Structure formats: structure tokens, C-alpha cells
Amino acid sequence: MNLFNLENEVAVVIGGTGVLGGAMARALAAHGAKVAVVGRNAQNGATHVEAIESKRGTAIFTAADALDKSDLSRARDEITSKLGAATILVNAAGGNRPDATLPPGADFCALPLEAWNGVFDLNLVGGALLPCQVFGQSMLENGGGSIINIASMAGMIPLSRVVAYGAAKSAVLNLTQFLAREWATKNIRVNAISPGFFPAEQNKKLLFNDDGSYTERGAQIIGHTPMNRFGESDELMGAVIFLASKSASGFVTGHNLVADGGFSATTI
Ligand SMILES: NC(=O)c1ccc[n+]([C@@H]2O[C@H](COP(=O)([O-])OP(=O)(O)OC[C@H]3O[C@@H](n4cnc5c(N)ncnc54)[C@H](O)[C@@H]3O)[C@@H](O)[C@H]2O)c1
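All of the points below concern the structure found in this document. (Residues numbered from 1 in each chain as written. Predicted model: local features only at pLDDT ≥ 70, side-chain atom pairs only at ≥ 80, totals over all residues. Heavy atoms only, no water.)

Digging into a nonpolar patch on the surface
Part 1 of the reasoning: Judged by side-chain polarity, Met1, Leu3 and Phe4 come together as a nonpolar surface patch covering roughly 350 Å² of accessible area.
Part 2 of the reasoning: With respect to the element layout, Phe4 can be found in the segment before β1 (10-14). (Patch = residues over 30% accessible without salt bridge, like charges linked within 9 Å, V, L, I, M, F, W, Y side chains within 5 Å. Areas by Shrake-Rupley, 256 points an atom, 1.4 Å probe, with all protein chains shown as cover. Salt bridge = Lys/Arg side-chain N within 4 Å of Asp/Glu carboxyl O. Helix = DSSP H or I, 4+ residues; strand = E, 2+ residues; numbered from the N terminus.)

This is the structure:
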């Protein structure tokens, strides 16, 4: 019995153009799923598709803006006609933005609403709500599936300075549990993965100086991580395969799988 065989699955990875989503797309393809890498950056998408095809996997790139419901619906129809109806959805579009990060000692009361709204739009609306509606509808019509929302350890405990991002990811965890219950009898499982700190495009300036050394914030994070290092994107592959595979996690829904090197398990 192979608990991790995804050969009959069609996986859609929104934000599969990014560092974590790209690694998850490669993992799903390596376990046999046909994969649609969805995002705005065609060049990054092509790189991930080539990497999958070079290992004899099946993948396509489909351009879509996760914040645009009609664009997502068009992408869903395109994917369905090329690969079949989605049975796995990974929501990996998201990230923080500099104007929503409070500088050290900055006044919380001055946090710009536009920045707050932008972070909520990207992480909650585009990062979970709209894709869950568009691809969830298709799963309801086609017999079920597995939805995996990429939340964050910052959504579980309030980190300093990144309040908008943490609050948006908290909302993603709440939506995940709501949908887990809503669709529990419809054969749709809805779970989350909460990564700790993994160097990626959207956070590299927060973690590293131009010369590659840690920023003060990067050093603080490492200092609080029991494993004394950042994560590597490949270290999320097992988490996504486990939650995607019905054979491995068929009775698991509404779960938040934390991969953070122990960050949230300890205080000083
Ligand atoms: N890297 C980390 O340390 C970390 C930690 C916790 C959670 N996360 C979460 O993991 C997910 C992946 O982030 P990452 O770190 O790989 O960052 P990343 O910037 O490498 O990837 C994010 C991807 O999402 C895409 N994207 C952004 N807006 C989009 C939109 N409107 N429509 C379609 N695609 C869009 C970007 O183009 C990019 O390819 C995010 O939800 C992020 O918040 C990351």
C-alpha cells in the first residue's frame, strides 16, 4: 500500500510561481499528480514547469491573478480542459509587504490602512477565500478533494512588527476550520500548513542584508528558533503530500500542520 500515491490527482498550486509554492508543486508532481502552476509571473511558472517535466512529471503553467474571481474561474476552466477537474488545491499566493511592517519602535496607530487592506486582500482574499470558492465549487460538483491553505506561524502567535500579516494569517486559519466543517460531509478536506521562517522572495529583505549576512530581525528569529536555522522550501514537501493524499490523511480536516523548527513551541 502506497500512502502517498497521487497518480489520479489534479493539483492546482496558486502561487506555485514562488519559492514555497514551487517546491510544493514539484513534490506533488513527483508523487504522480498532474500539476497546474498558477500565478502572475510566466517566467517563474515556466521554470517550475520545466523542473517538473525534467523529472518526467506532468505540469502546465496557467496565468491568473488570485485577487480576481473571474480570472480564477477562467483559469479553472482552462485547467479542467487540459488536465481534468482539480482534486487538490494549494493556496500559496501570499506574503507581507514593506509598508505594512512597522519599523522598530514605530507607532502602531500610524499603520496605514491601505497597507493593512493590501495584506488582508493578498493573504486572506486572494490567498484563500476566492480560490476556495472557485475551486471548491468545482470539487463540490466533481466529488471532492483536498484544500491546503498556506497560513503562517505568525497567524498563531502575534509576532512584533508584522501585525497585519499575522492577523490576516489568523483569519486564514479560521477560514480553514470553517470550511473544514462546512464541507466535511462533501468529501472535501480543508487543512492548513503554517511555516515558520523560510527565505523567499517576499521576505528576503527582512531576513538578509545585501551582503548575505542576517539583518537584526533575521538574527533575532534564528536566536528564537530551537533548530537555530531557517527552513528550506523542500522541508515542506512532506507536509503537503501528507495533507493532499486521502490514503495518508483521509480523516484529517481542519488541521494546522506547523513546520517552524520549534519556533512556536518555546518562549525564552
Ligand atoms: N517564506 C516564509 O518564511 C513563509 C512563512 C510563512 C508563510 N509563508 C506563506 O507561504 C506562501 C508562499 O510564500 P513564499 O514565501 O513562497 O513567497 P514568494 O514570494 O516566493 O511566493 C509567493 C507567490 O505568490 C505569487 N502571488 C502574489 N500575489 C499573487 C496574486 N495576486 N495572484 C497570483 N499569484 C500571486 C507571487 O508572484 C509569488 O510567486 C505565502 O502565503 C506566504 O505568506 C511564507
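Concerning the site of the ligand
Part 1 of the reasoning: Surrounding the ligand, one finds 30 residues, the nearest of these being Thr17, Leu20, Ala66, Tyr165 and Phe198.
Part 2 of the reasoning: In this structure, an oxygen atom belonging to the ligand sits 3.1 Å away from a main-chain N or O atom of Gly18.
Part 3 of the reasoning: Measuring from an oxygen atom of the ligand, one finds a side-chain N or O atom of Lys169 at 2.8 Å.
Part 4 of the reasoning: Contact with the protein chains hides 93% of the accessible area of the ligand, taken as 820 Å² for the molecule alone.
Part 5 of the reasoning: Taken together, the residues of the shell around the ligand sort by class into 15 nonpolar, 11 polar and 4 charged. (Near = heavy atom within 4 Å. Polar contact = N/O pair within 3.5 Å; in protein donor to acceptor, adjacent residues only side chain to side chain. Nonpolar A, V, L, I, M, F, W, Y, C, P; charged D, E, K, R; others polar.)

A look at the pattern of salt bridges
Part 1 of the reasoning: In the structure shown here, the tally under the stated rule is 8 salt bridges.
Part 2 of the reasoning: The partner of Asp77 in a salt bridge is Arg76, with the nearest N and O atoms 3.3 Å apart.
Part 3 of the reasoning: As a salt-bridge pair, Asp99 and Arg97 come within 2.8 Å of each other at their nearest N and O atoms.
Part 4 of the reasoning: One continuous salt-bridge network, built from bridges that share partners, spans Asp71, Arg74, Glu78 and Lys82.

Topic: the packing of helix α3 (residues 69-83) against helix α4 (residues 113-142)
Part 1 of the reasoning: The contact between α3 and α4 brings their axes to 10 Å, and the two run at 35°. When you trace α3 past α4, the crossing you get is right-handed. Contacts from Lys69, Leu72, Ser73, Arg76 and Ile79 of α3 reach α4 at Leu130, Pro131, Gln133, Val134, Phe135, Gln137 and Ser138.
Part 2 of the reasoning: Split by residue class, the contact of α3 with α4 holds 6 nonpolar, 4 polar and 2 charged. (Axes fitted to C-alpha atoms, helices over the stretch in contact; angles between N-to-C directions. Left-handed = near helix turned anticlockwise from the far one by under 90°. Contact = heavy atoms within 4.5 Å.)

A word on the sheet that holds strand β5 (residues 145-150)
Part 1 of the reasoning: Pairing in this open sheet of 7 strands is parallel, and the strands run β3-β2-β1-β4-β5-β6-β7 from one edge to the other. Where the open sheet ends on each side, the last strands, each with one partner, are β3 (58-63) and β7 (256-259). Shown here is a sheet whose adjacent strand axes are inclined to one another by a mean of 20°, direction ignored.
Part 2 of the reasoning: Here strand β6 (residues 188-195) runs beside β7; their pairing, made up of 4 bridges, is parallel. When the sheet's bridge partners are listed, Ile193 is paired in β7 with Leu257.
Part 3 of the reasoning: Along the sheet, helix α2 (residues 42-54) makes contact with β2 (34-39) and β3, crossing β3 at roughly 170°.
Part 4 of the reasoning: Helix-sheet contacts for α4 involve β1, β4 (88-91), β5 and β6, and the interaxial angle to β4 is about 175°. (Pairing = 2+ DSSP bridges.)

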